[in-house]
Amino acid sequence: MTTHRSVFDAAELRARFDDAGINHQFIPSIWKYVLQNPGCELDDIPYLPSSAYPLLRSKFKPLTSTVHSVFHSTDGVTTKLLIRLQNGASVEAVIMTYDTRLGKYGGKPRPGGPRSTLCISSQVGCKMGCKFCATGTMGFKNNLTSGEIVEQLVHASRLSNIRNVVFMGMGEPLNNYTALVEAIRVMTGSPFQLSPKRITVSTVGIIHAINKLHSDLPGLNLAVSLHAPVQEIRCQIMPSARAFPLEKLMTALQAYQKNSHQKIFIEYIMLDGVNDEEQHAHQLGKLLESFQVVVNLIPFNPIGSFSQFRTSSEQRVSEFQKILRGSYNIRTTVRKQMGQDISGACGQLVVNLPDKRSRENTALLTDIEDLRI
């Protein structure tokens, strides 16, 4: 049986058009039509050269994935999509609605209003094996194609006006580097027209890929899942850290920042008694004081009864934040939890059905992508 490729697999579509002598200028209009017309057939797309139709029919599908189910959190602002791929595997994408008016910008109230960020998956499962992350318990199944990555944005765009995209879903994005770069280039072009400043790629610290990222995708936001201020603790909770020593990672980040002149987002999951003590805050402050960073402290989300970690107390998180801000002048935020009742919160993405725990929080939130100074 022939497997058709997604029409959003840009490199494949361009290559086939080249072989057939069809101009690439028609590609954005194909994407726009599919985006705006759910359930369409490729033959429905108007104004293409006649030679394009048999080629599209024989090699491509408008979408290779389908939305299997949609879960709405009781928080009122989080929606999780379970997306079924054509190989039978599933991935999850999460839409989070924020309010840009929260907080201040340059000392004045922010303009704007509610809008959505999409958290996208780049792999089925993950081979990094971080011990606090549910996706890590799945092991690694396969990389997504660039088309399967883009299709998550297509599905989500039909439910909400997506302004920001964060690659913080299932998988390690930089381990699927070629597909990631191609997908982001599609997202920043017509018809999606997302600004690179509104796209954030999160990584555990794949050093060789970080070294290439700025030249391949200038203007992008980089978020680094640091989670510990010293190599020893990092290795305990993130087995992959052995391959990416902290010292070498910080050297790579220094070079990235020098080239990009952009802030780096540092993600730090707060694990009770593991990495959340006063000494750890000082170690982290010293590690980062020469960088332009925003540190995002993430309360740990328990991932079922098998979890070996506990959530840090609010007081401990607050003290940690005060040390980073007060002693080291490092901008530090605490991530507000969203979608825990549908297992859509940070570190909870593993293909399963949500449990019934409810969250009584219906406020709109501010977002990491709006923390630009």
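This report concerns the structure included in the present document.

The rules we used
- Residues numbered from 1 in each chain as written.
- Predicted model: local features only at pLDDT ≥ 70, side-chain atom pairs only at ≥ 80, totals over all residues.
- Heavy atoms only, no water.
- Salt bridge = Lys/Arg side-chain N within 4 Å of Asp/Glu carboxyl O.
- Helix = DSSP H or I, 4+ residues; strand = E, 2+ residues; numbered from the N terminus.
- Buried < 20%, exposed > 50% of the residue type's maximum accessible area, 1.4 Å probe, protein only.
- Polar contact = N/O pair within 3.5 Å; in protein donor to acceptor, adjacent residues only side chain to side chain.
- Axes fitted to C-alpha atoms, helices over the stretch in contact; angles between N-to-C directions.
- Parallel < 35°, antiparallel > 145°, perpendicular 65-115°, else oblique.
- Contact = heavy atoms within 4.5 Å.
- Pairing = 2+ DSSP bridges.
- Right-handed = clockwise from strand over helix to strand, strands pointing away.
- Patch = residues over 30% accessible without salt bridge, like charges linked within 9 Å, V, L, I, M, F, W, Y side chains within 5 Å.
- Areas by Shrake-Rupley, 256 points an atom, 1.4 Å probe, with all protein chains shown as cover.

1. A few points about the pattern of salt bridges
Any two side chains of opposite charge can pair if their charged atoms end up close together.
Move 1: Under the definition given, this model contains eight salt bridges.
Move 2: We note a salt bridge from Asp43 to Arg57, for which the minimum N-O separation is 2.7 Å. Of this pair, Asp43 sits in the loop between helix H2 (27-36) and helix H3 (52-59) while Arg57 is found in helix H3, placing the two residues 14 residues apart along the sequence.
Move 3: Judged by its relative accessible area of 45%, Arg57 falls in the partly exposed class.
Move 4: Several salt bridges share partner residues, and in doing so they unite Arg5, Asp9, Glu12 and Arg16 into one network.

2. Things to note about the environment of Gln262
Move 1: Secondary-structure assignment places Gln262 in the loop between helix H9 (246-260) and strand E14 (264-270).
Move 2: By relative accessible area, which is 11% here, Gln262 ends up buried.
Move 3: It is 9.8 Å that separates the C-alpha atoms of Gln262 and Lys197, two residues lying 65 residues apart in sequence.
Move 4: Looking at Gln262, its side chain comes within polar contact range of the main-chain oxygen of Leu220, at 3.0 Å.

3. Some details on the packing of helix H7 (residues 207-216) against H9
Two numbers describe a pair of packed helices, the interaxial angle and the distance between the axes.
Move 1: Contact geometry of H7 with H9 gives a least axis separation of 9 Å together with a crossing angle of 5°. Accordingly, the angle class assigned to the pair H7 and H9 is roughly parallel. Residue-level inspection shows Ile207, Ile210, Asn211, Leu213 and His214 of H7 in contact with H9, the latter providing Lys248, Leu249, Ala252, Leu253, Tyr256, Asn259 and Ser260.

4. Brief notes about the sheet that holds strand E4 (residues 78-84)
Move 1: Within the open sheet, the 10 strands sit side by side as E3-E4-E5-E8-E11-E12-E13-E14-E15-E16. Their pairing is mixed. In this open sheet, the two strands that pair with only one neighbour each are strand E3 (66-72) and strand E16 (331-334). Across the sheet, the axes of successive neighbouring strands diverge by a mean angle of 25°, strand direction being ignored.
Move 2: Summarising the sheet, strand E13 (residues 221-225) and E14 pair through four bridges and their orientation is parallel. Across the sheet, Ser225 pairs through a bridge with Glu267, a residue of E14.

5. A closer look at the pairing of E14
Move 1: In terms of residue burial, E14 counts as a mostly covered element, since seven of its seven residues are buried.
Move 2: Every second residue of E14 is oriented toward a common face, with Ile264, Ile266, Tyr268 and Met270 on one face and Phe265, Glu267 and Ile269 on the other, all of them buried.
Move 3: Relative to strand E15 (residues 293-299), E14 runs parallel, the two being bridged by seven bridges. Among the inter-strand pairings, Tyr268 is bridged to a residue of E15, identified as Leu297.
Move 4: With helix H10 (residues 278-288) bridging E14 and its parallel neighbour E15, the resulting β-α-β unit is right-handed.

6. Description of a nonpolar patch on the surface
Move 1: The grouping of Val67, Val70 and Leu159 at the surface amounts to a nonpolar patch, some 220 Å² of accessible area in total.
Move 2: Its location among the elements puts Val67 in strand E3.
Move 3: The exposure class of Val67 is partly exposed, given its relative accessible area of 34%.

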